[in-house]
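# A structural walkthrough
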Amino acid sequence: MDESIPRIVIVGGGFGGLAAAKAFRHTPAHITLIDRTNHHLFQPLLYQVATSVLTPGHIASPIRGILRNQKNITVILAEVTGVDKDRRCVFANSADREEVPLPYDYLILATGVRHSYFGHDEFEKFAPGLKGLADAVAVRNKILQGFEQAEAEEDPSRHRDLLTFVLVGAGPTGVELAGEIALMVRTTLRSDFRRIDPTSARIVLVDMGDRVLGTFSEEISEAAEKRLSKLGVEVRLGQGVEQ
Ligand SMILES: Cc1cc2nc3c(=O)[nH]c(=O)nc-3n(C[C@H](O)[C@H](O)[C@H](O)COP(=O)(O)OP(=O)(O)OC[C@H]3O[C@@H](n4cnc5c(N)ncnc54)[C@H](O)[C@@H]3O)c2cc1C
């Protein structure tokens, strides 16, 4: 390896990491991009996987394939566990090796974010976040299971509970997901069941703020709320979920 050429380590192959990698396309550098998954995930469409509109393969592309033609970059599938700033190296665990040191001259950390339960981490065991493919598949299975359980349930008085979906948080993800579930019951699932009527599913969207899409303009919030109501989503604002 030519020692005069700088070593750049990028951790994360999301939007940030890939943009950085591509920006160095013509830079004389040895670039190493490390990600704990082998794919770049298009997170904005996770809600469509969570509602069976798309399959995981539709929104995940191999990082190696995306960077195939960029000769100054090496892609490593590993989980970075630490950084030693003084020694200028990161440590990574791969399939069969632990704490492998990877030296750098420049380091870019683009590891993304985790979801927040706003001080209620105990909610996590009931409702996964929606940041990765595994989350989306878990949400999808939970939704579909509700319909399957209701169809198998002879006692009609239990159907309403099984077909009630509560989404907490009316930001973009909650709004998209509520809207998509409402569409799913009216289209894809509409005619597939005998004991239950999927269109009777109750979809409740709760937020402690006073409007949906609180970070957008008031006009957008108003239009979104109208559209959700038209789709049959029950929007409950100004209500914080405590338990
Ligand atoms: C459901 C949802 C909907 C969204 N909709 C929109 C939208 O409509 N419009 C919009 O502009 N934005 C949207 N966003 C936000 C957008 O997707 C994020 O802002 C963007 O993905 C952030 O990019 P990033 O590169 O910082 O992180 P990420 O895309 O999260 O990438 C981080 C990468 O780092 C890797 N990584 C993390 N830790 C390690 C480690 N220790 N070792 C190795 N690798 C690691 C991960 O595997 C991942 O590949 C949405 C997000 C979500 C979750």
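As the structure is a prediction and not an experimental result, all values here were calculated from the model. (Residues numbered from 1 in each chain as written. Predicted model: local features only at pLDDT ≥ 70, side-chain atom pairs only at ≥ 80, totals over all residues. Heavy atoms only, no water.)

### Some points on the site of the ligand
Around the ligand, a shell composed of 19 residues is seen, among which F15, G16, D35, Q43 and V80 lie nearest. In the model, an oxygen atom of the ligand is placed 3.1 Å from a nitrogen or oxygen of the F15 main chain. With the chains in place, 69% of the 1,000 Å² that the ligand exposes on its own is no longer accessible. In this structure, the ligand is accommodated by the second largest pocket. Of all the secondary structure elements, the ones that give two or more residues to the shell around the ligand are α1 (15–23) and β6 (79–84). Here the residues of the shell around the ligand are counted per class, giving seven nonpolar, eight polar and four charged. (Near = heavy atom within 4 Å. Polar contact = N/O pair within 3.5 Å; in protein donor to acceptor, adjacent residues only side chain to side chain. Areas by Shrake-Rupley, 256 points an atom, 1.4 Å probe, with all protein chains shown as cover. 1 Å grid on protein atoms, 1.4 Å probe; cavity = no way out; pocket = protein on both sides within 12 Å on 5 of 7 lines; lining within 4 Å. Sits in = over half its atoms within 2 Å of the grid points. Helix = DSSP H or I, 4+ residues; strand = E, 2+ residues; numbered from the N terminus. Nonpolar A, V, L, I, M, F, W, Y, C, P; charged D, E, K, R; others polar.)

### Examining the domain arrangement of the protein
Here the domain parsing of the protein yields domain 1 (7–109) and domain 2 (121–237). At the junction of the two partners, domain 1 supplies 15 residues and domain 2 supplies 15 residues. Summing the contributions of domain 1 and of domain 2, the shared interface buries around 1,200 Å²; its carbon and sulfur component is 72%. Among the residues domain 1 hides against domain 2, the three largest losses belong to Y47, A50 and T51. Together they make up 45% of the total. The interface formed by domain 1 and domain 2 holds zero salt bridges in total. Seen at the junction of domain 1 and domain 2, the total is zero residue pairs in polar contact (both at pLDDT 80 or more). Elements that contribute at least two residues to the side of domain 1 that touches domain 2 include exactly β3 (39–41) and α2 (46–50). (Domains from an automatic or database assignment. Contact = heavy atoms within 4.5 Å. Buried area = accessible area lost by both parts, 1.4 Å probe. Salt bridge = Lys/Arg side-chain N within 4 Å of Asp/Glu carboxyl O.)

### Digging into the sheet that holds strand β8 (residues 100–103)
What the three strands build is an open sheet, ordered β6-β7-β8; its pairing is antiparallel. This sheet does not close on itself; its edge strands, each paired only once, are β6 and β8. Across the sheet, the axes of successive neighbouring strands diverge by a mean angle of 30°, strand direction being ignored. Where strand β7 (residues 89–93) and β8 come together, four bridges link them in antiparallel fashion. Along β8, the bridge assignment pairs A92 with V100. (Pairing = 2+ DSSP bridges. Axes fitted to C-alpha atoms, helices over the stretch in contact; angles between N-to-C directions.)

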